[in-house]
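Examination of the molecular architecture
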Amino acid sequence: MTAPTLPPHSSSDTPAPATDARADTGTPADPEASVSSLGRILHTQVISWYDANARDLPWRRPDAGAWGVMVSEFMLQQTPVSRVLPVYEQWLERWPRPADLAKEAPGEAVRAWGRLGYPRRALRLHGAAVAITERHGGDVPTEHAQLLALPGIGEYTAAAVASFAYGQRHAVLDTNVRRVLARAVTGVQYPPNATTAAERRLARALLPEDARTAARWAAASMELGALVCTAKNEACGRCPIAEHCAWRLAGKPPHEGPPRRGQTYAGTDRQVRGKLLAVLREAHAPVPQAVLDRVWHEPVQRARALDGLVADGLVEPLPGGLYRLPLT
DNA sequence: CATCCGTGGCG
DNA sequence: TCGCCAAGGAT
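Residues numbered from 1 in each chain as written. Chains lettered and ligands numbered in written order. Predicted model: local features only at pLDDT ≥ 70, side-chain atom pairs only at ≥ 80, totals over all residues. Heavy atoms only, no water.

To keep things clear, this is the line we draw: UniProt positions are given in the numbering used here, feature names are shortened, and annotations may be inferred rather than shown by experiment.
As recorded by an unreviewed UniProt entry, chain A carries the name Adenine DNA glycosylase and is attributed to Streptomyces thermogriseus. Quoted straight from UniProt, the Catalytic activity (unreviewed entry) entry for chain A says "Hydrolyzes free adenine bases from 7,8-dihydro-8-oxoguanine:adenine mismatched double-stranded DNA, leaving an apurinic site." Here is the UniProt Cofactor (unreviewed entry) comment for chain A, exactly as written: "[4Fe-4S] cluster".

What follows is the structure, encoded as structure tokens:
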């Protein structure tokens, strides 16, 4: 319900949306021009909708700060909001600044991560906190390139932090925005499996000129994908741009092309790694291998999973067949 | 570019 | 019950 505010800090390090590459060809009918005018409608409608319907999430509060935004982005990588909320609160309470986390053993980050999944993210967030403390004086850097250089931060997260925390103008292309653009503009049900150059181009072409508006558009289009234009059971009845949606206007044609690859889990190394790490998270003293052996019956896969955890730095082997979360 | 990397809720 | 999906990144 709140209208989240953004710090006034702004900059336009992203190239302007372009008179665009095709400007010199003198193409008579002008597809980009129509994208542009459509863009303004989308911005207006979606941002208004956002102002009235945005969830009041803690990392959107003005006092969250760049560190809060960054922590939330790490946790939200492939994990739903509802499960992130409690861990986020504990995390910020315990480590209110990057330097506070940097002082801790990495294993403490892994333990506090709990069952959010993909625990390497916890390790990378710890690594990012260390780098921020060492290289940036303890403040989350403001530049996209500096953010991108931190462990665990890729194109999406760098753009998200720069946009949400610092109000900068970046194309923030997450799975929600990709789906919204695929439907509203491209007219297909789902975006491609991997992000394409065409999607980046479209997102950049649709970016409002003004940094502040661009940041708002980024948050708003993402929220629309999360709450209304969902992967399944989309709620077009509540969509502010339903009348302009190419996919809906085309009669919602079903997805064509390669099926979107599912993620099998049962019986995989990931499941075994998860079980091993769960034991180590609960333990507050080194755990004998014999105890770990009980989580999985098959010895070859069990050993491979444990080796993998050690190789990833998520588990520290000690002399005498003991294991614990990493102290260093 | 395809794979790997956790976990839990929901239809 | 079980497949699908959830604010990706690294290799």
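**Considering unusual backbone geometry**
Inclusion rule: The way it works is that DSSP assigns letters per residue, a run of H or I at least four long becomes a helix, a run of E at least two long becomes a strand, and they are numbered from the N terminus. Only protein chains enter the accessibility calculation, which uses a 1.4 Å probe; a residue is then buried when its area is under 20% of its type maximum, exposed when over 50%, and partly exposed in between.
Phi at Gln78 is positive, roughly 75°, even though this residue is not glycine. Summarising the element assignment, Gln78 is placed in the loop between α2 (65-76) and α3 (81-94). What makes Gln78 exposed here is its relative accessible area of 61%. Despite not being glycine, Asn233 has its phi angle at roughly 55°, a positive value. With respect to the element layout, Asn233 can be found in the loop between α11 (211-227) and α12 (246-249).

**Thoughts on the packing of helix α9 (residues 175-186) against α11**
As a reminder of what qualifies: A fitted line through C-alpha atoms represents every axis, and for helices the fit uses only the stretch in contact; the resulting angles, taken between N-to-C directions, go from 0 to 180 degrees. Note on angle classes: values under 35 degrees are labelled roughly parallel, values over 145 roughly antiparallel, values of 65 to 115 roughly perpendicular, and the remainder oblique. It only takes one pair of heavy atoms within 4.5 Å for two residues to be counted as in contact. Classification used: nonpolar for Ala, Val, Leu, Ile, Met, Phe, Trp, Tyr, Cys and Pro, charged for Asp, Glu, Lys and Arg, polar for all others including Gly.
Viewed as axis vectors pointing N to C, α9 and α11 meet at an angle of 80°, and their least axial separation amounts to 8 Å. As far as their axial angle goes, α11 and α9 are roughly perpendicular. Residue-level contacts link Asn176, Val177, Arg179, Val180 and Leu181 of α9 to Trp217, Ala218, Ser221, Met222, Leu224, Gly225 and Ala226 of α11. Residue classes in the contact of α9 with α11 are distributed as 8 nonpolar, 3 polar and 1 charged.

**A short note on the pattern of salt bridges**
Quick note on the threshold: Every case where a carboxyl oxygen of Asp or Glu lies within 4 Å of a side-chain nitrogen of Lys or Arg is listed as a salt bridge.
Here the structure, examined in full by the defined rule, presents 16 salt bridges. Of the charged contacts, one joins Glu199 and Arg178 as a salt bridge, the two residues approaching to 2.7 Å between their closest N and O atoms. One end of the pair, Glu199, is in helix α10 (residues 197-205); the other, Arg178, is in helix α9, with 21 residues separating them in the sequence. Across this residue pair, the class does not change: Glu199 and Arg178 are buried. Of the charged contacts, one joins Glu316 and Arg324 as a salt bridge, the two residues approaching to 2.7 Å between their closest N and O atoms. Relative accessible area serves as the criterion here: at 25%, Arg324 is assigned to the partly exposed category.

**Section: the side chain of Thr79**
The test is simple: As used in this structure description, the phrase polar contact means that two N or O atoms lie within 3.5 Å; if the pair is within protein, one of them must be able to donate a hydrogen and the other to accept it, and residues adjacent in sequence are counted only when both atoms belong to side chains.
Within the secondary structure, Thr79 sits in the loop between α2 and α3. Here the side chain of Thr79 touches Arg121 through a polar contact of 2.9 Å, side chain to side chain. With residues up to four places along the chain from it excluded, the contact list for Thr79 reads Val84, Leu116 and Arg121.

**Thoughts on the confidence of the model for chain A**
Short version of the rule: A residue's pLDDT is the confidence the predictor assigns to it, expressed on a 0 to 100 scale.
For chain A, per-residue confidence averages 91 on the pLDDT scale, and 90% of positions sit at 70 or higher. Between residues 1-29, whose pLDDT stays under 50, and residues either more than four places distant or in other chains, the model counts 54 contacts.

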